[in-house]
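So you can see what is in the structure, the chains are spelled out below.
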Amino acid sequence: MGKYHGTSSTVLRPRTTKEVSEIVKYCNEKRIGIVPQGGNTGLVGGSVPTGRGELVVSLGSMNKVRHFDPVSGMCTLVADAGCVLQSLTDYLAPHNHIMPVEFGAKGSCMIGGNCATNAGGVRLLRYGSLHGTVLGLEVVLPDGTILDQLTTLRKDNTGYDLKQLFIGSEGTLGIITGVSILTPPAPQASSNALLALPSFDSVLPLFKRAKRELSEILSAFEFIDRGAYDLSVRHGQGRGMSPEEAGGAECFVLIETSGGRREHDEEKLSDLLEHLLSEDKPLINTGVLSQDATQFSNIWSLREGITEAVSKEGKAYKYDISIPLSAFKEVVDATKDRLREKGLLGPHAVKEVVGYGHIGDGNLHLNVVAAAYTSEIEAALEPFVYELVGKYKGSISAEHGLGVMKAHALHYSKNGISIEWMRRIKDLFDPNGIMNPGKVLPPASGASHEPSLKNTGSGRVA
Ligand SMILES: Cc1cc2nc3c(=O)[nH]c(=O)nc-3n(C[C@H](O)[C@H](O)[C@H](O)COP(=O)(O)OP(=O)(O)OC[C@H]3O[C@@H](n4cnc5c(N)ncnc54)[C@H](O)[C@@H]3O)c2cc1C
C-alpha cells in the first residue's frame with residue numbers, strides 16, 4: 001500500500017524456536033522492542049516498526065512442515081510459523097486436503113501471520129474462523145519462555161484455552177513459532193459462477209436463495225460492487241464477463257460450491273441460475289458458470305485481485321468492517337456523499353470509493369482510492385467511517401486487525417471495560433512492553449505497557 005514506513009537497524013531471521021526464545025529473552029533484558037514479521041502482507045501496518053528502536057524478527061526462515069498424518073483421519077497439520085500459506089496448500093494437495101483459510105495474499109503471507117491476525121478470507125463461510133480450526137500453538141512469550149501448546153487434540157476441555165489469546169493478538173503478546181491446524185478433506189468438486197445483479201437490493205434475497213437451494217455445497221458468497229469490478233477488470237485481474245453481459249449491473253456476486261459429486265453439484269448450481277433467470281422479476285441480469293479449471297480460477301482472480309487492482313489505481317484508505325448486510329450500500333454511498341460534500345471526490349483527490357467483501361460473514365471492504373495520501377482526506381474519513389460503523393453496532397476491523405492504523409479507534413468497537421481487561425492481559429504477558437509496541441492498544445496516559453524502550457538506532461527496512 002505504501003502507507004506505512006518504518007525504520008530499524010536490525011532484522012533477525014531465526015531458524016528455530018530456541019533461537020527465537022534467545023532473541024526475545026535478550027531483548028526483554030535489554031528492553032528492546034520487537035516487531036514480529038511474517039509475509040508482511042498485513043493491511044494495517046502491524047508488521048512495520050514505529051520508530052521506538054524496535055528490531056524486526058522475521059519468521060521466514062522457519063518454514064518446515066513438522067508433521068502431517070494423512071492416515072489417522074485427524075487431518076491435522078503441524079507447521080513452522082514461517083510457512084507460506086500457498087506452500088502449505090501445495091504440500092497438502094497430493095494428500096487431498098486443503099487449508100481452511102485462503103485469500104489473495106496466499107503466495108506471501110505465512111501461517112504464523114495468519115494466526116496472529118486471525119485472518120478470515122474466502123473459506124470462512126464453510127470452515128469457520130481460525131479460532132475454531134487452530135488446534136494448538138507454540139509461542140515464545142515476551143520473557144523468552146516457550147509455551148508449548150502444540151496439541152493435535154480436537155477435544156481438550158482442561159481449563160483456559162490460552163492459544164485463543166494469541167490468535168488475533170497481532171504480535172503483541174508473543175511470537176508464534178508453530179501452528180497445529182485442522183486441514184479439511186479437499187472437495188471432490190468445486191464450481192463457481194459470477195452473477196451480474198441489476199441492483200444492490202437483490203443481494204440479500206439472492207444470498208437467502210443460494211443458501212436454501214445450494215445448502216451444504218455453498219462454500220463462498222462474495223460481493224463485488226460495480227466500481228470494484230471495473231477496477232479489477234481494468235487492471236487485468238482475472239476475467240469477468242463481456243462488457244455486454246456486465247452491462248447495466250450495479251453489482252456482482254461470486255458463488256462457489258464445493259462438494260462430493262461433480263455432476264450433482266454442477267446441476268444444483270446451474271438449476272439455481274436457471275430458476276433465477278426464469279423468474280418474472282429476476283434477481284440477476286445474467287450469470288457466467290465456470291466450465292473448466294481455467295475459467296474457475298479466472299473468476300476467482302477477479303475477486304482476489306481487487307486488493308492489487310486498488311493498489312495499482314492509487315493510494316488506498318482501506319476500511320475492513322463488519323456491519324449488517326443491509327447496510328453495505330448505505331455505507332459506501334454515505335462515504336461517497338461525505339467526500340463529495342468536502343469537495344474531495346474527483347481525479348485530483350479521491351478517484352474511487354468501492355466496496356466488496358465476504359457477504360456470508362457480514363464483512364465489507366470499503367476502499368477509498370486516492371491520488372495521494374493526504375491529511376485532508378484522512379480527516380474527512382476518520383472518525384466518520386468509524387462513527388458510521390458504531391451506528392450499526394459493527395466492528396471497525398472484521399478481519400485485518402488493528403495494527404497501527406486502528407489502535408486509536410478501538411473504542412468504537414470495544415467498551416471501556418473490555419479495553420481495560422485487554423490492557424491487563426497485555427501487562428501480564430509483557431510487563432516491559434517489548435512486543436510490537438504501539439500496535440492494537442491505544443496509547444494510555446501513564447501506560448505501563450509501553451515503558452521506555454532502548455533505541456537501537458535506525459536503518460531503513462522495507
Ligand atoms: C492481496 C491481499 C489480500 C488480502 N486478503 C485478506 C483476506 O481476505 N482476509 C484477511 O483476513 N486478510 C487479508 N489480507 C491481509 C493479510 O494478508 C493478512 O492479515 C495475513 O494474515 C497477514 O499475514 P502475514 O504473514 O503477511 O503477516 P504480517 O503482515 O507480516 O504481520 C501481520 C501482523 O501479525 C504479526 N505477526 C506476523 N507473524 C507473527 C508471528 N509469527 N507471531 C506473532 N505475530 C506475528 C505482525 O507483527 C503484524 O502485527 C490481504 C492482504 C493482501 C495483500
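Residues numbered from 1 in each chain as written. Predicted model: local features only at pLDDT ≥ 70, side-chain atom pairs only at ≥ 80, totals over all residues. Heavy atoms only, no water.

Identification of the protein chain as FAD-binding PCMH-type domain-containing protein from Gloeophyllum trabeum is taken from an unreviewed UniProt entry. Under the UniProt heading Sequence similarities (unreviewed entry), the note attached to the protein chain is "Belongs to the FAD-binding oxidoreductase/transferase type 4 family." Of the protein chain, the UniProt comment under Catalytic activity (unreviewed entry) reads exactly: "(R)-lactate + 2 Fe(III)-[cytochrome c] = 2 Fe(II)-[cytochrome c] + pyruvate + 2 H(+)". (UniProt positions renumbered as here; feature names shortened; annotations may be inferred.)

**Observations concerning helix H7 (residues 203-214)**
Helix length check: H7 (12 residues) gives 16 Å between terminal C-alpha atoms against 16 Å at 1.5 Å per residue, within 8%. Considered for burial, the residues of H7 that qualify are Val203, Leu206, Phe207, Arg209, Ala210 and Leu214. Each buried residue of H7 lies within a common arc of 165° when the element is viewed along its axis, so the set occupies one face. Looking at H7, the residues exposed on the side facing more than 90 degrees away from the buried face are Lys208 and Arg212. After H7 finishes, the residue serine 215 shows a positive phi value of roughly 35°. (Helix = DSSP H or I, 4+ residues; strand = E, 2+ residues; numbered from the N terminus. Expected span 1.5 Å × (residues − 1). Buried < 20%, exposed > 50% of the residue type's maximum accessible area, 1.4 Å probe, protein only. Arc of directions from axis to C-beta.)

**Details of the site of the ligand**
Contacts to the ligand come from 34 residues, most closely from Pro36, Gly38, Asn40, Thr41 and Gly42. The contact in question runs from a nitrogen atom of the ligand to an N or O atom on the side chain of glutamate 399, over 2.9 Å. The side chain of asparagine 436 places a nitrogen or oxygen atom 3.1 Å from an oxygen atom of the ligand. When the ligand sits alone it has 970 Å² of accessible area, and the protein chains cover 94% of it. (Near = heavy atom within 4 Å. Polar contact = N/O pair within 3.5 Å; in protein donor to acceptor, adjacent residues only side chain to side chain. Areas by Shrake-Rupley, 256 points an atom, 1.4 Å probe, with all protein chains shown as cover.)

**Observations concerning the nonpolar core**
Counting residues in each nonpolar core, the largest one holds 59 residues, and the members touching the most others are Val203, Leu206, Phe221, Ile255, Tyr319, Ile323 and Leu364. No fewer than three residues from each of domain 3 (189-306) and domain 4 (314-412) sit in this core. Setting aside chain neighbours within four positions, we find valine 203 in contact with Leu197, Phe221, Phe223, Cys251, Leu325 and Ile359. Membership of the second largest hydrophobic core comes to 44 residues, among which are Leu77, Leu85, Ile167 and Ile434. (Core = buried A, V, L, I, M, F, W, Y, C linked by side-chain atoms within 4.5 Å. Domains from an automatic or database assignment. Contact = heavy atoms within 4.5 Å.)

**Details of the side chain of lysine 318**
Summarising the element assignment, lysine 318 is placed in strand E13 (residues 315-322). One buried charge, lysine 318, has no salt-bridge partner; the nearest side chain with opposite charge is aspartate 320, at 9.7 Å. The residues touching lysine 318, leaving out its near neighbours within four places in the chain, are Met1, Leu43, Thr307, Val310, Tyr356, Leu366, Asn367 and Met405. (Lys, Arg positive; Asp, Glu negative; His and termini not counted. Salt bridge = Lys/Arg side-chain N within 4 Å of Asp/Glu carboxyl O.)

**Comments concerning the pattern of salt bridges**
The tally for this structure, following the rule as stated, stands at 22 salt bridges. When the shortest N-O distance is used, the salt bridge between lysine 18 and glutamate 22 registers 2.9 Å. Placement of the pair is lysine 18 and glutamate 22 together in helix H1 (residues 17-30), with a separation of four residues, close to one helical turn. Glutamate 22 sits in the partly exposed class, given a relative accessible area of 44%. Between glutamate 102 and arginine 123 there is a salt bridge, and its shortest N-O distance comes to 3.7 Å. Taken together, the positions of glutamate 102 in the loop between helix H2 (85-92) and helix H3 (111-117) and arginine 123 in the loop between H3 and helix H4 (124-127) put the pair 21 residues apart, joining distant regions of the chain. In this structure, glutamate 102 and arginine 123 share a single accessibility class: buried.

**As for the pairing of strand E8 (residues 175-182)**
For E8, the buried fraction is high: eight of the eight residues fall into the buried class. In the sheet, strand E5 (residues 76-80) pairs with E8 via five bridges, with the strands oriented antiparallel. Paired with threonine 76 across the two strands is leucine 182, which belongs to E8. Sheet topology places strand E6 (residues 134-140) next to E8; six bridges connect them, and they run antiparallel. Counterpart to leucine 137 in the pairing with E8 is valine 179. (Pairing = 2+ DSSP bridges.)

**What to know about the sheet that holds strand E1 (residues 11-12)**
Reading across from one edge, E1-E3-E2 is the order of the three strands in this open sheet, with parallel pairing throughout. On the outer flanks of this sheet lie E1 and strand E2 (34-37), each paired with one strand and no other. Here two bridges tie E1 to strand E3 (residues 55-58), and the two strands are oriented parallel to one another. Following the sheet pairing, leucine 12 is matched in E3 by valine 57.

**A word on the domain arrangement of the protein chain**
If you check the domain split of the protein chain, you get domain 1 (11-58), domain 2 (65-182), domain 3 (189-306) and domain 4 (314-412). With centres defined by C-alpha atoms, the gap from domain 2 to domain 3 works out at 30 Å. In this assembly, seven residues from domain 2 lie in contact with 10 residues from domain 3. Taking both sides of the interface into account, the surface hidden between domain 2 and domain 3 amounts to around 640 Å²; carbon and sulfur atoms contribute 52%. Looking only at domain 2, the three residues that lose the most surface to domain 3 are Val122, Leu125 and Arg126, adding up to 80% of its buried area. Where glutamate 304 meets lysine 106, a salt bridge forms, and the shortest distance between an N and an O atom there is 3.1 Å. Taken together, domain 2 and domain 3 are joined by four residue pairs in polar contact (both at pLDDT 80 or more). For the side of domain 2 that touches domain 3, a count of residues per class yields three nonpolar, one polar and three charged. (Buried area = accessible area lost by both parts, 1.4 Å probe. Nonpolar A, V, L, I, M, F, W, Y, C, P; charged D, E, K, R; others polar.)

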